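Each chain, letter by letter, is given below.
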Amino acid sequence: FSGPSLEFVRPVCRAGKNTERFDVAGDESQKKLEGAVLWAGIDQHYFTAALLPAEPGGTCLFVKGGEKGSGAAVIQYPLDAAGRKLAFTLFAGPKQLELLKSYAQLNGHERGFESAIDYGPVSNFFAFFAQILLGVMRWFHGFVANWGTAIILLTITVKVLLYPLTFKSMQSMNAMRKLQPEIEKLKAKHGDDREAMSRAQMALFQQHKVNPAGGCLPMLLQMPIWFALYAALQTSVELYRAPFLWMSDLTQQDPYFILPVAMGVTSYIMQKFSPQPAEATQAKMM
């Protein structure tokens, strides 16, 4: 294959327990994937075309083509003097999770065909959360019959569920801000003696029952959920050519840039309403 959108058109192969994609725009010209080949084909973001051998076997080779931006996933079999017959199932269609899972036990072999959906660099970690969020989004779509509205309802649901962590983070930041005058006094008292300053600061936190990591930790705990939500929306073929408001396709950018600007404005307003970090430098960065 060849194509201008190199970012989303890549040879892909699953051999053994690994699914790998080959970057045709990279410097590597050839790569071998160890293990019996379960399927191999082309990854086109929301769609895939793949061959699934009736009996897993052979070796998967990623080969860069002669033209810029071209390449292939090749299933290589050793020559046999007696000859052999090879049977394959050809899949060409959308990367819908349930559809891909229907090939999970093809000819009695576990295929892992759902891994054709690429959730990102740590896809195995995010896939669990992303599939749950995708299921909830589909459930909302069953009621509202519009994918844009379903995304909004899903985002609100996630925000509501994560609100206890957000509230805990805000409480911690407020407590730290109240202690900032005391911390400044400790800095003036201990000067460059960092060890004494650290002990005095910890004593102050213990006295007021404040966790210095309390503002960041709840936010960090939320990150996998938000990354998974982003991954789910980036890979959902259901959004392909789905209309919403003035847009004809939710997988394309807003042609009038109304939503990005609105998001920037609302983010700025929410920033002003949110508690600012107690430390001046952190506040300026935010």
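Residues numbered from 1 in each chain as written. Predicted model: local features only at pLDDT ≥ 70, side-chain atom pairs only at ≥ 80, totals over all residues. Heavy atoms only, no water.

### Quick look at the overall build of the chain
Just so we agree on the cut-off: For the purposes of this entry, the term helix denotes a DSSP run of H or I that reaches at least four residues, the term strand denotes a run of E that reaches at least two, and both are numbered from the N terminus. Exposure classes here rest on a 1.4 Å probe applied to the protein chains alone. A residue is buried below 20% of its type maximum, exposed above 50%, and partly exposed in between. Areas reported here follow the Shrake-Rupley algorithm with a probe of radius 1.4 Å; residue values treat only the protein chains shown as occluding.
The helix and strand tally for the chain stands at 8 helices and 8 strands. The burial tally for the chain puts 35% of its 286 residues in the buried class. Just so you have it, the chain exposes about 17,700 Å², and 61% of that area is on carbon and sulfur atoms.

### Some remarks on the state of the cysteines
Note the cut-off: Whenever a pair of cysteine sulfur atoms sits within 2.5 Å, that pair is classed as a disulfide.
Tallied over the full model, the rule gives 1 disulfide. Residue C13 pairs covalently with C60 via a disulfide, S to S 2.3 Å. Taken as a pair, C13 in strand β1 (residues 9-15) and C60 in strand β6 (residues 59-64) lie far apart in primary sequence, 47 residues in all. As far as the burial class goes, C13 and C60 line up, both buried.

### Focus: the pattern of salt bridges
Quick note on the threshold: One speaks of a salt bridge when a side-chain nitrogen belonging to Lys or Arg is within 4 Å of a carboxyl oxygen belonging to Asp or Glu.
Under the defined criterion, the tally for this structure stands at 8 salt bridges. A salt bridge links E20 to K31; the shortest N-O distance between them is 2.5 Å. Of the two residues, E20 is situated in strand β2 (residues 18-21) and K31 in strand β3 (residues 30-33); the sequence distance between them amounts to 11 residues. Judged by its relative accessible area of 24%, E20 falls in the partly exposed class. When the shortest N-O distance is used, the salt bridge between E195 and R199 registers 3.2 Å. Of this pair, E195 and R199 both sit in helix α5 (residues 194-208), 4 residues apart, roughly one helical turn.

### Comments concerning α5
The following threshold applies: To estimate the expected span of a helix, subtract one from its residue number and multiply by 1.5 Å. Contact between two residues is taken to exist if any of their heavy atoms lie within 4.5 Å; hydrogens are not considered.
Look at α5: 21 Å from first C-alpha to last across 15 residues, which is about the 21 Å you get at 1.5 Å a residue. Taken as a whole, α5 has its buried residues at A196, M197, A200, L204 and F205. Here the buried face of α5 lies against α4 (163-190). Positive phi shows up at K209, right after α5, with a value of about 55°.

### Details of the confidence of the model for the chain
Basically, it comes down to this: Per-residue confidence from the predictor is given as pLDDT, running between 0 and 100.
Summary statistics for the chain give a mean pLDDT of 83 and a share of 90% for residues scoring 70 or more. Segment residues 1-6: pLDDT under 50, and 15 contacts once partners within four positions in sequence are set aside and those in other chains are kept.

### What about the pairing of β6?
As a reminder of what qualifies: The pairing criterion is simple: DSSP has to find at least two bridges between the two strands.
Judged from the 4 bridges that link them, β3 and β6 form a sheet pairing that is antiparallel. Each residue of the ladder has a partner; that of Q30, found in β6, is V63. In this structure, the hairpin formed by β6 and strand β7 (residues 71-76) is closed by a connection of 6 residues, where G69 is found at a positive phi of approximately 80°.

### Some words on the sheet that holds strand β4 (residues 37-44)
Selection criterion: Only the contacting stretch of a helix is used when fitting its axis, a line to C-alpha atoms as for every element, and angles between N-to-C directions run 0 to 180 degrees.
Spatially, 5 strands are ordered β2-β1-β4-β5-β8 in an open sheet, and the strand pairing comes out antiparallel. Looking at the sheet topology across the chains shown, the edges are occupied by β2 and β8 (88-94). Averaged over all pairs of adjacent strands, the angle between strand axes in this sheet comes to 15°, irrespective of strand direction. Of the pairings in the sheet, the one linking β4 to strand β5 (residues 47-53) comprises 5 bridges and is antiparallel in character.

### What to know about the packing of α4 against helix α6 (residues 217-235)
Quick reminder of the rule: Under this scheme an angle from 65 to 115 degrees is roughly perpendicular, one under 35 degrees roughly parallel, and one over 145 degrees roughly antiparallel; angles in between are oblique. Here a crossing is called left-handed whenever its near helix is offset anticlockwise from the far helix by less than a right angle, and right-handed whenever the offset is clockwise. Only Asp, Glu, Lys and Arg are considered charged in this grouping, and only Ala, Val, Leu, Ile, Met, Phe, Trp, Tyr, Cys and Pro are considered nonpolar; every other residue, Gly among them, is considered polar.
Between α4 and α6, whose axes approach to 8 Å, the crossing angle comes to 155°. The angle between α4 and α6 falls in the class roughly antiparallel. Helix-helix and strand crossings are classified by hand; for α4 and α6 the assignment is left-handed. Contact with α4, carried on its side by L165, T166, K168 and S169, involves P218, M219, L221 and Q222 of α6 and no other residues of that element. Its residues placed into classes, the contact of α4 with α6 shows 4 nonpolar, 3 polar and 1 charged.

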